[in-house]
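Residue strings, one per chain:
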Amino acid sequence: MLTYNVAGLPEGISQSHPEANAPIISGLLGDFDVVLTQEDFGFYTDAIRSKAPQKYKSTPHPGPSVLNPIKRTEAIAGDGLNIMSNLPIDPELDRVPWAGCGPAAADWLALKGFARTTLTLAADTDDPKAEAQVDLYSLHLEAGGVDHDLRADDLDQLAAYLAKQPADRPVIIGGDWNLHTDEEPDATQFADFLATTGMSDVCGSVDCGNDGDVIDKVVFRSTDDVKLTPTSHTFERELFVDGAGQPLSDHDPLRVDFDWELRPTR
């Protein structure tokens, strides 16, 4: 799977050059079974999908004039969260915006939050029982260097949501966490979230080298019936570049590979 903040704000506002880069990004997505995007606000969604071969694609956020459950009057864009997959997903994501927001980084102009779907894994067999469903999330936490308390509230909101979901489905959450986990209070906030939810950072299972504290992260949780095992953690910095070798976004795309297995029924 790949999680990628594609810097999809309009040209001139974006921290990248999405008019030129979105079609290039699209042409590089074929190697990934699952793609989670952030800042895919709708301005370049068609371009990002134009060459993407994944069969299943989430229905984009319709915009705050249609979907704005927290009635944020300043919002001019949706949540920017989408999922594309070779494996079956429910295209209608459950989109949950953060309850709070601050003026730093102009976050109140969008309905940032998290979005969940159900991903179906199937083994290479004709046995209809040899499949598993995973709750899959794309996420974008509050930005802004001063918004530590708001990010803590975001994590509490996500933890409360997770606690209400079926406990018999494994979970994968990928995205832009905006947490520098080599600094405080971010490190403690992230550790507390993992402890509260029973999630694990992929970097606790594989060697992430110098990239263990990058703000783009993937966390996961197995169940008694389905075991998820991350096998790699790689930022695809050399792949997602333009003809001059420059990055296609202000974030690097993170690839994480998983093995999975059904555990015997006890």
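The structure contained in this document is the topic of the report that follows. (Residues numbered from 1 in each chain as written. Predicted model: local features only at pLDDT ≥ 70, side-chain atom pairs only at ≥ 80, totals over all residues. Heavy atoms only, no water.)

**Remarks on unusual backbone geometry**
- Pro185 follows Glu184 through a cis peptide bond whose omega is 5 degrees.
- Mapping Pro185 onto the fold places it in the loop between β8 (171-176) and α4 (186-197).
- In the Ramachandran plot, Ala7 falls in the positive-phi region, its phi being about 55 degrees despite a non-glycine side chain.
- With respect to the element layout, Ala7 can be found in the loop between β1 (2-5) and α1 (18-27).
- Even without a glycine there, the phi angle at Glu39 is positive, about 55 degrees.
- One can find Glu39 in the loop between β2 (34-38) and α2 (45-49). (Helix = DSSP H or I, 4+ residues; strand = E, 2+ residues; numbered from the N terminus.)

**Some points on the pattern of salt bridges**
- All chains considered together, the criterion is met by 9 salt bridges.
- The residue Asp79 makes a salt bridge to Arg95 at a minimum N-O spacing of 2.7 Å. Remark: Arg95 occurs in strand β5 (residues 94-97) and Asp79 occurs in the loop between β3 (56-57) and β4 (82-85); sequence separation between them is 16 residues. Take Asp79 and Arg95: they sit in the same class, and that class is buried.
- In this structure, the salt-bridge partner of Asp252 is Arg237, at a minimum N-O distance of 2.7 Å. Remark: Arg237 occurs in the loop between β11 (226-235) and β12 (254-262) and Asp252 occurs in the loop between β11 and β12; sequence separation between them is 15 residues.
- You can call Asp252 partly exposed: its relative accessible area is 24%.
- The structure contains a network of salt bridges with shared partners spanning Asp94, Arg116, Asp135 and Arg169. (Salt bridge = Lys/Arg side-chain N within 4 Å of Asp/Glu carboxyl O. Buried < 20%, exposed > 50% of the residue type's maximum accessible area, 1.4 Å probe, protein only.)

All quantities given are derived from atomic positions and should not be read as evidence of function.
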